[in-house]
Amino acid sequence: MPIIKANGYGIGAVEVARTLGIPFDDGVEPSQAPWGVGISSLDEAQKLRDAGCTGRIFCATPLLPLELPRALALKVRPALHRMEDITYWWRLSKGRAPYHLSIDTGMSRAGERWDEVSALRSVLEKAPPEGVFTHFHSVDESIVSRNEQDSRFREALAALAGVLPATVLLHSDNSGAIASRQNGSPGHLARPGIALYAGLYASELGLRQVIHLRARVVDVRDVLPYESVSYGATWIAAPGKVSRVATLAVGYADGYPWHFSNSGRVIIDGTICPIVGRVTMDMTMVDVTEIPCAVGDVATLLGSDSGLTLSIEEETRRSRTFPYELLVGLGLRIPVFYHDVLPSSI
Ligand SMILES: *Cc1c(COP(=O)(O)O)cnc(C)c1O
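All of these numbers come straight from a predicted model, not from anything done at the bench. (Residues numbered from 1 in each chain as written. Predicted model: local features only at pLDDT ≥ 70, side-chain atom pairs only at ≥ 80, totals over all residues. Heavy atoms only, no water.)

(A) Main features of empty space enclosed by the protein. Applying the stated criterion across every chain, the model contains one cavity of 30 Å³ or more. Here the largest cavity is characterised by a volume of approximately 30 Å³. (1 Å grid on protein atoms, 1.4 Å probe; cavity = no way out; pocket = protein on both sides within 12 Å on 5 of 7 lines; lining within 4 Å. Points joined across faces, edges and corners; volume = space filled by probe spheres on them.)

(B) Layout of the environment of Phe133. Tracing the sequence through the fold places Phe133 in strand β6 (residues 131-133). What makes Phe133 buried here is its relative accessible area of 6%. In this structure, the C-alpha to C-alpha distance between Phe133 and Ile39, residues 94 residues apart in sequence, is 15 Å. If sequence neighbours within four positions are ignored, Phe133 has contacts with Phe58, Ala60, Ala79, His100, Leu101, Ser102, Ile103, Phe153, His171 and Arg191. (Helix = DSSP H or I, 4+ residues; strand = E, 2+ residues; numbered from the N terminus. Buried < 20%, exposed > 50% of the residue type's maximum accessible area, 1.4 Å probe, protein only. Contact = heavy atoms within 4.5 Å.)

(C) How the structure looks around the layout of surface pockets. Taken as a whole, the second largest pocket encloses approximately 1,000 Å³ of empty space. Lining the second largest pocket are 45 residues, with Lys5, His135, Phe136, Asn174 and Tyr324 sitting closest to its centre. Looking at the lining of the second largest pocket, the elements that each hand over two or more residues are α1 (5-9), β4 (100-104), α8 (175-180), α10 (312-318) and α11 (323-329). Looking at the lining of the second largest pocket residue by residue, the classes come out as 20 nonpolar, 15 polar and ten charged. (Nonpolar A, V, L, I, M, F, W, Y, C, P; charged D, E, K, R; others polar.)

(D) Highlighting unusual backbone geometry. Phi at Ala6 takes a positive value of approximately 50°, unusual for a residue other than glycine. Secondary-structure assignment places Ala6 in helix α1. By relative accessible area, which is 33% here, Ala6 ends up partly exposed. The phi angle at Tyr201 is positive, at roughly 65°, despite the residue not being glycine. Examined against the element boundaries, Tyr201 turns out to sit in the loop between α8 and α9 (202-205).

Structure follows, in structure tokens:
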């Protein structure tokens, strides 16, 4: 169940869903469709339905009771755990609409506590869930914490023995959890998010980054020794030579992180060049002293060019920024072009 919340992590939920083979009402029958997709709000579900998406949609964020009628109309499977919400959903849908039971095994964010689920036995007997799920808090850092949450989840399921349908769909794994397993994810579904976009775990999972962020050089200038570049004059040109600095038409208003100031890198003319000075809202400067560079040239800020790759994973690690935040920010202003990236056999 790919997670395409936050507009597909900034990349475009509809395009991502189509690329992954989620069915739309255009008559194309995908051969290997995922079970469904996960999103986080009803507006996100609405955008998918408006685009013709006919696949299953699961909403992982709790909904307010007043949102449940709209969830039903949108054929969204809500994550529920409060007895009164489950009862209301069942009445609203005349016992026909699926939902997933949310169990908190340590994230302390949403769901029923794993050690208190038996209080739900009677309501679940009358209104059985289609799925039961939990979510990890530190799987990227600690297998110990993952194992603890795994065992709490199993404990909760044991406490519900006899009331869950035999066909119940269990799911727990986000990208980090998937990457951490030796023998595949437990349960029936997994919920990869960031890995789909190669924002993390690309090497562990054998994934290739298909997102490329590019910008044009819109100005090039000589900068003399000791002259500064950009706000705060945080970069000073080297003594003893004339530096060449190119200006790219991209900044933090496009989601290119301010934290890449003096630490980001770009590919121009088959060479990796450093960002110099602070990233500004609309423009970012690069040291191009060592390469030929002219107005109109294309710079690659993330992704591949000329056989070189700047991966989201590596670049965010170097600049101590957060790959999730980087990705969702890319939806801010930049035009997005989609190319057919999948071999036709998939
Ligand atoms: C966001 C989210 C995911 C996906 O997490 P990644 O770390 O991006 O793989 C999975 N499950 C839930 C409940 C989420 O909120």
